[in-house]
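Below are the chains, spelled out letter by letter.
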Amino acid sequence: MNPHETDRRHIERQIAYARPIIVLLTLIAMLQQPSAQHANRPISFLIGYLLLSFCVILFEKIFPSRTWHLPLFVDLVALGYFMIVSPSMVPAWFPYLFVCYVAGIRWGLNSAFPLAGLLSLEIILLTVVKGEIHFLRIISWLGLAGATFAAGAGIAFLGDRNRLFAVQQAFFSRITATMEVDQGLAECLRLFLEELTRAFHSQEALLVYRDTDLERIFLWRHRSGETERLMPDNLPLTRADGLLLDDADATICWNSLSGAGSGFGWDRRDGRSLKSIPRLPGPTQQLLNLRSMMTVTFDQSGKPAGRLFLLNGRNRFTRDDLQWFERVSRHIGPALENVFLLRHLRARAIEAERSRISRDLHDGILQTLLSFEIQLDVLRKQVTATPEEAATSLANLQATVKGESAELRRMVTDMRPVRVQSADLVDLMIGFAERFRNESTLALDVLIDSVEVQAPDRVCRELFQIYREALNNIKKHAKASHVVVKLSQDDSRLVLVVDDNGEGFSFAGRFTGDELDRLRLGPISIKERTRTVGGVLTVESNPGHGARLTIEIPLG
């Protein structure tokens, strides 16, 4: 069940529980009236209505998956009938207030207010007809009418606030659901901006983001109803004042931009109205075909990072719209920050992986191909003069080609994505260790204290990639003779330790991943993979005597 459905059912359950309580209060008020002895028909009706109310609750209990509820029309008919048959109007106040409350929840304030007025007028007229007040008491009559309407309107207002809260929570749930990182940044932003255009009835939505690391501005522009993949415009920082405006903390609305315009806004920090409301530059207005707009700031790490725009609303934007838009921005800010951060980490991981592949190709197969070229040139000259030596050299060259082909095949295999599940992690680690021993002269011990690892598949996938990359780095660069890998797990964390007796890193000491970043040292790809699963990397290096990598990943 989605959050919106859960909220709606919660409100309907409140209505179902409130109905028998209101009927009981009406029945008690009815029995307290002097004419109660001669009111068999209204009392019998209230008892039947009470039984029906309990049946509704019972139905909800027996069939929780059903979405059935008693229509408001039934409550309205019951109220009308009771007002006619009841000898006094005082008990009718209770079902009257209940109907106003339900109307506020289900129909909204615009419909509940007229209904409250009509019902209050009907109650007063019936009171007059039944002779409970006299026409000469005009002031009392008007006061009673006003008080009745005020009570109904007030309770309808409470119902409307309840309904509005449920609608807002449902909207928050929907926009939060759009921030699924597996969908990719472009699709996340498209779904989010589409939700904004629908909620605020606007033709277009923009997201402007300032990337301080790249010193660029990225602009995502989405028109309502479009399903195409969003591609951001990449702009220089000189466009910052045009798209981010002069005031990063300004919350702004323009309903008209011609001439002096019609706009309002405030400082989001203290809510004070802006004396001078910023505008977009004229060329930008023309480019966007701008007629009206709202814009709010969203934060990243507690600082302004960009702006959200809604353009060309189908109706005039109001202060309530702008306040709601500001709340949406505050709510979605952390989710946007996570999506942008993951995008940044993935970009760095891809860059590190490309650098590693480039380095491996340069140090490995490219150097070997250059050596082949030199040897073939020598063989070309030897083949006529010393054919026997040329044959021996060709055999050696063939063996080298075979070895390099195996190495290239291994590289291609390692580059393929591996689908790792928690149940398969131990078997995959053991299988890779066996292949590693066959392809190298290193002694490798893999010590695992559990038959099956209990961790999310995403964590296991990244952990296996770290394990594989750490062993390949040791084989290529560490000049080690022995490697020990330990994998352990307890209730709170998963720990991988890779310990070798090789030459170690170029630094001495024990450092965390963040410290290595500041020093620009350590295995970049392993650091990034550790961060993507919320882990902590520690590297202990003793040049000439080996190194130890420890990856701790919290669970839960």
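Data block above holds the structure.
Residues numbered from 1 in each chain as written. Predicted model: local features only at pLDDT ≥ 70, side-chain atom pairs only at ≥ 80, totals over all residues. Heavy atoms only, no water.

(A) Quick peek at the overall build of the protein chain. The number of helices and strands found in the protein chain is 15 helices and 13 strands. Relative to its 556 residues, the protein chain shows a buried fraction of 42%. Looking at the protein chain alone, contacts between residues at least 24 apart form 65% of all its contacts between residues at least 6 apart. (Helix = DSSP H or I, 4+ residues; strand = E, 2+ residues; numbered from the N terminus. Buried < 20%, exposed > 50% of the residue type's maximum accessible area, 1.4 Å probe, protein only. Contact = heavy atoms within 4.5 Å.)

(B) Seen up close, the environment of L207. Tracing the backbone shows L207 in strand β1 (residues 202-211). A C-alpha to C-alpha distance of 9.9 Å links L207 and R190, two positions 17 residues apart in sequence.

(C) Fine view of the sheet that holds strand β12 (residues 536-542). Spatially, β8-β9-β10-β13-β12-β11 is the arrangement adopted by the six strands of the open sheet, whose pairing is mixed. Each edge of the open sheet carries a strand with a single partner, namely β8 (443-448) and β11 (509-512). On average, each strand axis in the sheet is tilted by 10° relative to the strand beside it, whichever way the strands run. The strands touched by helix α12 (residues 425-439) within the sheet are β8, β9 (482-489) and β10 (493-500), with β8 carrying the most contacts at an inclination of about 170°. Its contacts with the sheet place helix α13 (residues 457-478) against β8, β9, β10 and β13 (546-554), and it is angled at close to 10° to β10. (Pairing = 2+ DSSP bridges. Axes fitted to C-alpha atoms, helices over the stretch in contact; angles between N-to-C directions.)

(D) Spotlight on helix α15 (residues 524-532). When we look at burial in α15, the residues that qualify are S525, I526, K527, E528, R529 and T530. Looking one or two places after α15, you find G534, whose phi comes out positive at around 70°.

(E) Local environment of the pattern of salt bridges. All told, the structure shown has 20 salt bridges when counted by the stated rule. Among the ionic pairs, R268 bridges to D249, the shortest N-O distance being 2.9 Å. Of the two residues, R268 sits in the loop between β5 (262-267) and α9 (282-288) while D249 sits in the loop between α8 (240-244) and β4 (250-256), which places them 19 residues apart along the sequence. For R268, a relative accessible area of 25% gives the class partly exposed. (Salt bridge = Lys/Arg side-chain N within 4 Å of Asp/Glu carboxyl O.)

(F) Local environment of the pairing of β12. Direction of pairing for β11 relative to β12: antiparallel, over a ladder of four bridges. In the strand pairing of β12, G509 is matched with S541. Direction of pairing for β12 relative to β13: antiparallel, over a ladder of seven bridges. Across the sheet, the residue bridging to L537 is I551, located in β13. Between β12 and β13, which pair antiparallel and follow one another directly, the connecting turn spans three residues, one of which, G544, has a positive phi of 90°.

(G) Inspection of the packing of α13 against α15 at higher detail. α15 packs onto α13 with a crossing angle of 165° between their chain directions and a minimal axis gap of 10 Å. Considering their axes alone, α13 and α15 lie roughly antiparallel with respect to each other. In terms of crossing hand, the pair formed by α13 and α15 is left-handed. Seen from α13, the contacting residues are R458, E462, Q465, I466, E469, A470 and N473; seen from α15, they are S525, I526, R529, T530 and T532. (Parallel < 35°, antiparallel > 145°, perpendicular 65-115°, else oblique. Left-handed = near helix turned anticlockwise from the far one by under 90°.)

(H) Structural detail: the packing of aromatic side chains. All told, the structure shown has 10 aromatic pairs when counted by the stated rule. A centroid spacing of 5.8 Å and a plane angle of 65° characterise the contact between F432 and Y467, whose relative ring orientation is edge-to-face. With F432 in helix α12 and Y467 in helix α13, this pair connects stretches of sequence that are 35 residues apart. Like Y467, F432 is buried. Between the aromatic rings of F507 and F511, the centroid separation amounts to 5.4 Å while the plane-to-plane angle is 80°, which identifies the pairing as edge-to-face. Here a set of aromatic residues connected by ring pairs shows up, and it is made of F432, F436, F464 and Y467. (Phe/Tyr/Trp six-rings, centres within 6.5 Å; stacked < 30°, edge-to-face > 60°.)

(I) Here's a closer look at a nonpolar patch on the surface. A cluster of nonpolar side chains, namely I21, L25 and I28, defines an oily patch on the protein surface of about 270 Å² accessible area. Structurally, the position occupied by I21 is in helix α1 (residues 3-31). (Patch = residues over 30% accessible without salt bridge, like charges linked within 9 Å, V, L, I, M, F, W, Y side chains within 5 Å. Areas by Shrake-Rupley, 256 points an atom, 1.4 Å probe, with all protein chains shown as cover.)

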